[in-house]
Amino acid sequence: GSGTQPKVDQAALILWDYKKEEKTWEGSPERSVSVFNALTVASDGRLVGTVNGEDGSGLFVFDVDRRMFTNWIDLPDGRPLDLGLLVGLDGYVYGFTSQYFYRVDLEEMQTVQVFEADISVAGPIVGNDVYFGNGCALKSVKCFEAS
């Protein structure tokens, strides 16, 4: 995590067998990673995550069955926020950086800015609104059409 002194030069993603209580795989993308900020499972079952490192910040797609990082894109301005990925009711993956809330197009492997704001804490999507924190203020933005 980002709240401690690192004990390794490169952060790693670990697959864990919780029944056997053992690590089954460990690896990193082919770039500098100091921290994995967020993970979520896309509606199609792919693992999606954000990282930060010397090479900047990015979003990756990981194929659990093949145990490999399959796609990579750079993120919009700002650093990715811890726990800042979620799946919306529309099936898209959404994410937070310190400056943007964005939607991920996993087919085109690109991000689309939804809104710009100073964001310090990522929050949930509740109904048609997305919530986030800035300092001690809780804020929300209506981002989705009523269904």
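These numbers were taken from a predicted model, which means no experiment stands behind them.

A. View of the packing of aromatic side chains. All told, the structure shown has 10 aromatic pairs when counted by the stated rule. Seen in terms of ring centroids, tryptophan 25 and phenylalanine 69 are 6.3 Å apart; in terms of plane orientation they differ by 50 degrees. Their pairing is tilted. Taken as a pair, tryptophan 25 in strand E2 (residues 22-27) and phenylalanine 69 in strand E6 (residues 68-74) lie far apart in primary sequence, 44 residues in all. You can call phenylalanine 69 buried: its relative accessible area is 19%.

B. Examining the pairing of strand E5 (residues 56-63) more closely. Burial runs high along E5: 6 of the 8 residues are buried. Across 7 bridges, the pairing between strand E4 (residues 47-53) and E5 is antiparallel. Residue pairing in the sheet places asparagine 52 in a bridge with serine 57 of E5. Here E4 hands over to E5 after 2 residues, the two strands then running antiparallel side by side. Bridge count between E5 and E6: 6 bridges; the pairing is antiparallel.

C. Structural view of the sheet that holds strand E11 (residues 121-126). The strand order across the open sheet formed by 3 strands is E11-E12-E13, and the pairing between neighbours is antiparallel. Each edge of the sheet is formed by a strand with only one pairing partner; in this case those strands are E11 and strand E13 (137-142). Neighbour-to-neighbour, the strand axes of this sheet turn through a mean angle of 25 degrees, independent of strand direction.

D. Looking closely at the pairing of E4. For E4, the tally of buried residues reaches 6 of 7 residues, placing the bulk of the element in the interior. In terms of strand pairing, strand E3 (residues 35-41) meets E4 through 6 bridges, oriented antiparallel. The residue bridging phenylalanine 36 from the neighbouring strand is valine 51, located in E4. Two successive antiparallel strands, E3 and E4, enclose a turn made up of 5 residues, where glycine 45 displays a positive phi of approximately 95 degrees.

Parameters at a glance
Residues numbered from 1 in each chain as written. Predicted model: local features only at pLDDT ≥ 70, side-chain atom pairs only at ≥ 80, totals over all residues. Heavy atoms only, no water. Phe/Tyr/Trp six-rings, centres within 6.5 Å; stacked < 30°, edge-to-face > 60°. Helix = DSSP H or I, 4+ residues; strand = E, 2+ residues; numbered from the N terminus. Buried < 20%, exposed > 50% of the residue type's maximum accessible area, 1.4 Å probe, protein only. Pairing = 2+ DSSP bridges. Axes fitted to C-alpha atoms, helices over the stretch in contact; angles between N-to-C directions.

Purely spatial values, then, with no claim about function.
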